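Summary of the model geometry
Listed below are the residues making up each chain.
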Amino acid sequence: MPHDPCTRPIDKSKLVSTLQSIVSKDAVLFEAEDLYPYECDGLSAYRKLPMLVVLPETIEQVQQILKHCHQENIPVVARGAGTGLSGGALPLEDGILLSLAKFNKILDINAEQRIARVQPGVRNLAISQAVDSHGLYYAPDPSSQIACTIGGNVAENSGGVHCLKYGLTVHNIQQLKIITIDGELLTIGASGLDSAGYDLLALMTGSEGMLAVIVEVSVKLLAKPERAQVILAAFDDVVKAGTAVGNIISAGIIPAGLEMMDKLAIKAAEDFVHAGYPTNAEAILLCELDGTNEEVSEHVLMVRKILNASGATEVRTAKDEDERILFWKGRKAAFPAVGRLAPDYYCMDGTIPRKRLPEVLKTMAELSREYNLPVANVFHAGDGNLHPLILYNANNEGELERTEEFGSKILELCIKVGGTITGEHGVGIEKINQMCVQFNALELTQFHAIKTAFDPLGLLNPGKAVPTLHRCAEFGAMHIHNGELPFPDLERF
């Protein structure tokens, strides 16, 4: 049976004593003042204190903790750096929060095979810094890469500004070591380029801590390109900027990164970083081209021509490496920069086909006016991954609820045009209702079957990512569109 917190009360003092016999006493936190730093992840609109937090530092300790939780029917939420934006690391009042913060070592770097073995608590950026002297780097680069950890990147299948050309986390890892809820240590993937059997590596990537706890990751490393060049293009209309994105890809050019920011995001980033962005523009594109010196030179000329033909009011190329880095610094600092514009913001994460970008931007602007809530758009335009930031004030009565409704409309818009409700932030608790819109009953039943195969008691991160059929039925009953349930298959459940 799945975990039911009402069936068996947990003796907290006994649990603390048991865990302190596995890890050091100071590695078990149970006083309220020690628990508050763990009450939420980057989605701070939702907060809950865990029953307790445990910080193991060896694989054996994690195994013992999970075995005990399995025996005693105690739910477990694994947590990395807590930079996630979907509530995936939101703790449970009746469960353990398992922090992997002490798993922060780079175990091995094999420059010849271009592989690094790292623990899950290693920061994303630290991998590239560690292999820089070998002329290598790790490609996925979320905007939070200075703080986010590789274990969390695997759990959410993170991307970043260079995912257009080099792929998401799933395309850049080779092997995982995981521990199941009953304490078994498994190796997923292989040391070679391929492994026999089911593609469990892809299944585990993006599973949001619901199937197992990650304790080691083997990442693929790439050779640093001979040259990288960034072009900044300004537009007097966001729809023109969206059209330019499709024009670049249609020309057969795959940039290393192709990012878009609208006027609100431009102004915030410029005030924060002073990157030299044109603050009078309605939108800017940042297009990075990399490779050999010859191909970059050729593609720069082609892209500049395309941007001008697409209606750009200004096109400029970074004059040197320092300016290239500064252009990206502004983009990667956009989230904290926007945080200066309002007491709160709600970061969305949906993905759409590139060709639908202009109409989606137009519709989002209409929704912004309808809900009277400003939106700063910052996103991976090249692969259609939107990150609209809805600005609001949680202290105003009803404003959070209105913001959530607005966000739901954006996600359902993504589904409507042939996209999906998440590109890299995961589902967590934030988008669990929209799972009912995107997937039908049979598909969700299959998701639950996979969960049960790994975690029969439903103890790992329960209540996240995959909704129950009953929840979808309730959601459908409350959200009837044009006389039809968005989840019609559930009428029979």
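For clarity, every value in this text was computed on a predicted model and none was experimentally measured.

Let us look at the pairing of strand β8 (residues 173-179). Counting buried residues in β8 gives six out of seven residues, a clear majority hidden from the surface. Of the pairings in the sheet, the one linking β8 to strand β10 (residues 213-220) comprises six bridges and is antiparallel in character. Paired with Ile 173 across the bridge in β10 is Val 219. By the bridge criterion, five bridges tie β8 to strand β9 (residues 185-189) in an arrangement that is antiparallel. Paired with Lys 177 across the strands is Thr 187, a residue of β9. Count of turn residues in the β8/β9 antiparallel hairpin: five residues, of which Gly 183 carries a positive phi of about 90 degrees.

Further remarks concern helix α9 (residues 263-273). Since the α-helix packs 3.6 residues into each turn, any two residues three or four apart lie on the same face. Listing the buried residues of α9 in full gives Ala 265, Ile 266, Ala 268, Ala 269, Glu 270 and Val 273. Packed against the buried residues of α9 are β13 (257-262), β14 (283-291), α11 (321-332), α12 (334-338) and β18 (375-379). Count one or two residues on from α9 and you reach His 274, which has phi positive near 60 degrees.

Here we come to the state of the cysteines. By definition, a disulfide links the sulfur atoms of two cysteine residues through a covalent bond. Scanning the entire structure with this criterion turns up one disulfide. Between the sulfur atoms of Cys 436 and its disulfide mate Cys 472 the distance is 2.1 Å. In this structure the cystine formed by Cys 436 and Cys 472 twists about its S-S bond by roughly -80 degrees; its chirality is therefore left-handed. Remark: Cys 472 occurs in helix α17 (residues 469-478) and Cys 436 occurs in helix α15 (residues 435-438); sequence separation between them is 36 residues.

The strand order β5-β6-β10-β8-β9 describes an open sheet built from five strands, whose pairing is antiparallel. Sheet topology places β5 (106-110) and β9 at the edges, where each strand pairs with a single neighbour. Direction aside, the axes of adjacent strands within the sheet are offset by 15 degrees on average. In this structure, strand β6 (residues 115-118) lies alongside β10, joined through four bridges in antiparallel fashion.

Basis of the calculations
Residues numbered from 1 in each chain as written. Predicted model: local features only at pLDDT ≥ 70, side-chain atom pairs only at ≥ 80, totals over all residues. Heavy atoms only, no water. Buried < 20%, exposed > 50% of the residue type's maximum accessible area, 1.4 Å probe, protein only. Helix = DSSP H or I, 4+ residues; strand = E, 2+ residues; numbered from the N terminus. Pairing = 2+ DSSP bridges. Contact = heavy atoms within 4.5 Å. Disulfide = S-S within 2.5 Å. Axes fitted to C-alpha atoms, helices over the stretch in contact; angles between N-to-C directions.

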